Amino acid sequence: MASGQNSTVRASALTGEGIAELRTEIFRHIGGDNGAQAEVGFLTNVRHQGLVRDSLAGLNAAEGAVVAKVPHEMLLLDLYNALRPLDAITGATTTDDILNLIFSTFCIGK
């Protein structure tokens, strides 16, 4: 990381290297040097707690699929399982959006 106003953080989504440093730097820019401490929060709605737990389970499954080198079409299903519970809270993505994304990656022979 360079010193000063503009910092550089090297991170890899593939290996996870540098992700913690990237997160710290993002929080530093958002809330100053103590920004990371601002990430304390809790869910007061029991239904939301369960949905977030379900979403985390989907993310864990997706992480395992990446490690196991599962084809990306199948990985998308795990990611959908992570997104669907959050959408139950926000209503942001429809089932059609996800299905269109999944099936757009399949190659069907003639």
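Residues numbered from 1 in each chain as written. Predicted model: local features only at pLDDT ≥ 70, side-chain atom pairs only at ≥ 80, totals over all residues. Heavy atoms only, no water.

**Regarding the side chain of Ser 55**
- Looking at the element boundaries, Ser 55 is found in helix H2 (residues 46-67).
- At 2.6 Å, the side chain of Ser 55 forms a polar contact with the backbone oxygen of Ala 82.
- In contact with Ser 55, other than residues within four places in its own chain, are Asn 81, Ala 82, Pro 85 and Leu 86. (Helix = DSSP H or I, 4+ residues; strand = E, 2+ residues; numbered from the N terminus. Polar contact = N/O pair within 3.5 Å; in protein donor to acceptor, adjacent residues only side chain to side chain. Contact = heavy atoms within 4.5 Å.)

**Re helix H3 (residues 72-90)**
- In a regular helix each residue adds 1.5 Å, so 19 residues correspond to 27 Å; H3 covers 26 Å between its end C-alpha atoms and thus fits that length.
- For H3, the set of buried residues is Glu 73, Leu 75, Leu 76, Asp 78, Tyr 80, Ala 82, Pro 85 and Asp 87.
- Backbone geometry just after H3 places Gly 91 at a positive phi near 70°. (Expected span 1.5 Å × (residues − 1). Buried < 20%, exposed > 50% of the residue type's maximum accessible area, 1.4 Å probe, protein only.)

**With respect to the confidence of the model for the chain**
- Averaged over every residue, the pLDDT of the chain is 78; the share at 70 or more is 74%.
- Least confident of the elements in the chain is helix H4 (residues 95-103), whose mean pLDDT is 70; most confident is H2, at 91. (pLDDT = per-residue confidence, 0-100.)

**Describing the environment of Gly 58**
- Mapped onto the fold, Gly 58 is located in helix H2.
- Classification of Gly 58 as buried rests on a relative accessible area of 7%.
- Here the alpha-carbon distance between Gly 58 and Leu 83, two residues 25 residues apart in the chain, equals 7.9 Å.
- The contacts of Gly 58, once residues within four sequence positions are left out, are Asp 78, Asn 81 and Ala 82.

**Re the environment of Leu 76**
- Looking at the secondary structure, you find Leu 76 in helix H3.
- Placed 25 residues apart in sequence, Leu 76 and Leu 101 show a C-alpha to C-alpha distance of 8.5 Å.

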